[in-house]
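Observations on chain architecture
Residue strings, one per chain:
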Amino acid sequence: MLQVCLNGARSPREHFHLPVHPEELAKAAADAVAAGATDIHLHPKAPDGTDSLDPHLVAATLRAVRAAAPGTPVGVTTGAWTAPDAAARIQAIRAWTVLPDHASVNWHEPGADDIAATLLERGIGVEAGIYSGTDADQQFHRSPHRGRVLRILAEVTDHTARGAATTAEALLTRLRPAPAPILLHGEAAGAWPVLAVAARRGLATRIGLEDTLALPDGQIAADNAELVTAATTMLTGGAA
């Protein structure tokens, strides 16, 4: 599985094609799926570009993206930066009128178990975000929901091209035995080395403007679809 992460917590000032508005996310999603993505992760955003769990914004975004990329699963973030505390995020999730297929929950953040429980109660799949360099793996292994998640989102936060692959292997070791399929991905200069680890191990992975703005050769990507095209080439054994 190749997931595209369309925008992340980035500002539109960081990339000229960073999708923010529902119609922009819809086009980006359709182009990425046409390029080879099989799953979508996005951050619904307020008009000023900040991430939001507001029910109206979530509904408008999901409707637009699903119309543009029908049949492709769509997930959203529940990161702590989207609302001041876990209770506020839970309140927002309970007010959603249009539901994503899945949502990521960062297990190193306070309230992760409660947020996961709320998502599961609503029939939303949980991506368990386990960041390297945190105790998220230990907290997740103790979680009463560890056997109910859709997948584990193994997030390598080592941004160096030289060290990210080693960090990825260490994170995978810490996650054993994994109670769910693992999606392994990196960030910044570590994105492509970690994607190569995922390819070698036959794991699901992701790419997109949330994780990196650059192609494997260091050039700035034109958009998400160009990143997905490069990732698809790597995953199928070609030279990117």
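The sections below set out a description of the structure shown in this document. (Residues numbered from 1 in each chain as written. Predicted model: local features only at pLDDT ≥ 70, side-chain atom pairs only at ≥ 80, totals over all residues. Heavy atoms only, no water.)

1. Remarks on the layout of surface pockets
Considering only enclosed or pocket space, the largest pocket measures out at about 260 Å³ in volume. Taken together, 18 residues make up the lining of the largest pocket; nearest its centre are Ala9, His43, Tyr131, Glu187 and Glu210. For the lining of the largest pocket, the elements supplying multiple residues, two or more each, are β4 (102-106) and β6 (151-155). Grouping the amino acids of the lining of the largest pocket by side-chain chemistry returns five nonpolar, seven polar and six charged. (1 Å grid on protein atoms, 1.4 Å probe; cavity = no way out; pocket = protein on both sides within 12 Å on 5 of 7 lines; lining within 4 Å. Points joined across faces, edges and corners; volume = space filled by probe spheres on them. Helix = DSSP H or I, 4+ residues; strand = E, 2+ residues; numbered from the N terminus. Nonpolar A, V, L, I, M, F, W, Y, C, P; charged D, E, K, R; others polar.)

2. What about the sheet that holds strand β8 (residues 204-207)?
An order of β1-β2-β3-β4-β5-β6-β7-β8 is seen for the eight strands of this closed barrel, with the pairing classed as parallel. Between one strand and the next, the sheet's axes are offset by a mean angle of 25 degrees, whatever the strand orientation. Bridge analysis of strand β7 (residues 182-185) against β8 gives two bridges, and the strand direction is parallel. Pairing of Leu184 across the sheet is with Thr205, part of β8. Strands in contact with helix α6 (residues 164-174) are β5 (125-131), β6 and β7; relative to β7, the strand with the most contacts, it is inclined by about 160 degrees. (Pairing = 2+ DSSP bridges. Axes fitted to C-alpha atoms, helices over the stretch in contact; angles between N-to-C directions. Contact = heavy atoms within 4.5 Å.)

3. Side note on unusual backbone geometry
At the junction of Arg176 and Pro177, the peptide bond is cis and its omega measures out at -10 degrees in the coordinates. For Pro177, the position within the fold is in the loop between α6 and β7. In this structure, Ala188 is a non-glycine residue whose phi angle is positive, near 55 degrees. Here Ala188 lies in the loop between β7 and α7 (191-201).

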